[in-house]
Every structure is written in structure tokens, then in C-alpha cells.
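Summary of structural features
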Amino acid sequence: MHETLIILGSGGWFPAFGRQTASALLRDGDSAVMIDAGTGVGRLIERPELLEGIQRLDIILTHFHLDHVAGLAYLPALGVCEQTTVWGPGRLLYGASTSEFLARVSNEPFHPVPLEAQEIDVRDLPGDELELPGARVELRRQERHSAPSLGLRFGDTLAWVTDTAYDKDSAAFASGCRMLAHEAWFPDARPRNADIHSSSAQAGQIAAAAGIERLLLIHLPPFTALQHELLLEAGARVPRALLAEDGADVSALMAPEAGVRPTAPDGDAAPAPVPARR
Ligand SMILES: [Zn+2]
């Protein structure tokens, strides 16, 4: 089971004010899942230890907008893990294979190092579920973005909902997870692209409707460094809301309830989860 979640890029659209765009790393032993590959992938160059010991890396793309795939172009700088796979929603959402879409941007005249030249497998996400080491990932088609996107759910640990306008059905999809990561693109009082993005109040509303107490606001707007308003708005709706920050280790949000100590196989109580770092 994935226990470590590091935010690589906490912003949307373009990098600004210290936020790179959409990417996060979930680690489990010697395997890891990268959720989206925006410019945040560059954080792995700054902090190579985050990939230390990882033999298998699965990169799952929620959609193909550039703020979610630009970092695929940085993979040659990282050096690939022994087994690296990019999973995309080409067939699932847009009627052509993921490799066909990604070949366009990873080959000349856009980029000199094609994915296929790097021993990286490019595969299409299957129907509505993907079995990976450490997690069964459920996929949900989200219709309320400019192009469809995918919501992701990692067992009962984490639901990841980005690049969608308010979609009440996200709550049922996320229900039962310990943590929800949801995009927050604007405060309710000042709507911006509300037909394709969600407000932080709406993110809070989805968390509350799903019965999830821990909410991480992701895909933050790049227009200003001042985003406390987003946090206040979401925080009024859930007990624990956090703004994602690049480099933050937010694993504590996925941990079992503090105070409810998981029981080790021999019947002894396992150590209490590490408290939140931030
Ligand atoms: Zn985006």
C-alpha cells in the first residue's frame, strides 16, 4: 500500500510563484506511481533521493493538457527506472492510442528524444481499473473539463480529482477514502473558468459529501501568491484542509486515523502514525 505522497507540482496551467505544474509521487517500497507529469517532474532533478531505490515507476496521466504532460520531456534528464510505464487515457477518453498522442509531442519538431527511444513503455489505461503493485487504481471519466479528464482512486487511501468543474458525482467516487486531493482554481466570490474548473468551496463540498475529513487543495491558480482565501473557504467545510506546496510530504493525510492505531499481525499495536509535517 502506498504510504508516501510527495507533491512535485502544486500549480495548474503554468509555473509561477514557486509552484510547478501538476505532478505528485506516491511511493510504496521499490515501486512508485507518478500522478501526472507536469513541470513538477523537474523537482526530481532537484531532489533525486525521491526516486532512490525505485525499480518500477508507473506514470498515470489524468489527461493530455500540457500542464500535465510537459514534464515527460524532462525524463531523459532523470534517467529511467528499470521499468517505466506511461499510462494515458488516449483510447479511454479521446478515441486514439496514448502512444499516438504522446508521439506527437515527444518527437521532432517538438522534442529531440522520443519516449520510445528511452525504454519507456507507453500504454493505454484499461477500462475503469488498473492493477499496480501496492494499489488498485480506479478510474472515473470526468466530463466537466474542456476535454474529458480522469479522476483516480487508490484503494481506500487517496482520491485524486483534478481538472474538472464541480461534479457532485466525484463525492460518491471518493467516498470511503482517507484523503481527497481536489483542484481549487478560484474562490467562490471570484469565479474564473467555472465551466471547466472548481472553486475551493466546491472542493470542500465534495470532501464533506464524501465524508472525507482530510482535503488537499491541488492544481492551484498561478495568478497570485496569495491563496489563503482558498484555504479558508475549504477549511470552513472540512475539519482539515491544506494547500499543496511543491516538495511537501503530505503522507500524514493518508495515514490511518491518529488515535486509531493499526494492529500489527502479531496482535501488538503498531507504532502511531507520524504526525503531519506541515
Ligand atoms: Zn491542468
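Everything numeric here is computed off the predicted structure, so don't read it as measured data. (Residues numbered from 1 in each chain as written. Predicted model: local features only at pLDDT ≥ 70, side-chain atom pairs only at ≥ 80, totals over all residues. Heavy atoms only, no water.)

1. Describing the overall build of the protein
Looking only at helices and strands, the protein has 8 helices and 13 strands in total. Its C-alpha atoms give the protein a radius of gyration of 18 Å, within 12% of the compact-globule value 19 Å for 278 residues. The buried share of the protein, taken over its 278 residues, is 53%. Counting contacts in the protein only where the partners sit at least 6 residues apart, residues at least 24 apart contribute 62% of the total. (Helix = DSSP H or I, 4+ residues; strand = E, 2+ residues; numbered from the N terminus. Rg over C-alpha atoms; globule rule 2.2 N^0.38 Å. Buried < 20%, exposed > 50% of the residue type's maximum accessible area, 1.4 Å probe, protein only. Contact = heavy atoms within 4.5 Å.)

2. Re the packing of aromatic side chains
Under the criterion given, the structure shown has 7 aromatic pairs. Centroid distance tryptophan 13 to phenylalanine 223: 5.9 Å. Interplanar angle 75°. Geometry classified as edge-to-face. With tryptophan 13 in the loop between strand E1 (4-9) and strand E2 (23-28) and phenylalanine 223 in the loop between strand E12 (214-218) and helix H8 (228-235), this pair connects stretches of sequence that are 210 residues apart. Judged by its relative accessible area of 52%, tryptophan 13 is exposed. On the basis of relative accessibility, which here comes to 28%, the residue phenylalanine 223 falls in the partly exposed class. (Phe/Tyr/Trp six-rings, centres within 6.5 Å; stacked < 30°, edge-to-face > 60°.)

3. Notes on the sheet that holds strand E9 (residues 149-154)
If you walk across this open sheet you meet the 7 strands as E7-E8-E9-E10-E11-E12-E13, and the pairing is mixed. If you trace the sheet from one side to the other, it starts and ends with strand E7 (129-132) and strand E13 (240-243), each paired once. Shown here is a sheet whose adjacent strand axes are inclined to one another by a mean of 20°, direction ignored. As defined by bridge partners, strand E10 (residues 158-161) adjoins strand E11 (residues 179-183) across 4 bridges and the pair is classed as parallel. Across the sheet, the residue bridging to tryptophan 160 is alanine 181, located in E11. Against the sheet, helix H7 (residues 200-210) contacts E11 and E12, and its axis sits at roughly 155° relative to E11. Packing against the sheet, H8 makes contact with E12 and E13, and its axis sits at approximately 165° to E13. (Pairing = 2+ DSSP bridges. Axes fitted to C-alpha atoms, helices over the stretch in contact; angles between N-to-C directions.)

4. Structural notes on the coordination of the zinc ion
Surrounding the zinc ion are the protein donor atoms Asp67 (OD), His68 (NE2), Asp163 (OD) and His219 (NE2), which sit 2.1 to 2.3 Å from the metal. The coordination sphere of the zinc ion comprises 4 donor atoms, whose angles at the metal cover 91 to 164°; the geometry is irregular. Taken in sequence order, the residues that donate to the zinc ion follow the motif D-H-x94-D-x55-H. Of this pair, histidine 68 sits in helix H2 (residues 66-69) while histidine 219 sits in the loop between E12 and H8, and the two are 151 residues apart along the sequence. (Donors = N, O, S within 2.8 Å, 3.2 Å for Na, K, Ca; no water. Tetrahedral: all angles 85-135°; square planar, octahedral: opposite > 155°, others 65-115°.)

5. Let's talk about H8
Turning to H8, its buried residues are Leu230, Glu233 and Ala234. The arc enclosing the buried residues of H8, seen along the axis, measures out at 95°, which places them on a common side. Away from its buried face by more than 90 degrees, H8 exposes His228 and Leu232. Buried positions along H8 lie against H7, E12 and E13. (Arc of directions from axis to C-beta.)

6. What about the sheet that holds E2?
Note on sheets: strands pair through backbone hydrogen bonds, and any given pair is parallel or antiparallel. Sheet architecture is open: 6 strands sit in the order E1-E2-E3-E4-E5-E6, paired in mixed fashion. Each edge of the open sheet carries a strand with a single partner, namely E1 and strand E6 (120-124). Averaged over all adjacent pairs, the angle separating strand axes in this sheet is 20°, with direction ignored. Note that E2 and strand E3 (residues 31-37) share 6 bridges and pair antiparallel. Bridge assignment links arginine 27 to a residue of E3, and that residue is alanine 32. Strands in contact with helix H5 (residues 98-106) are strand E5 (83-88) and E6; relative to E6, the strand with the most contacts, it is inclined by about 130°.

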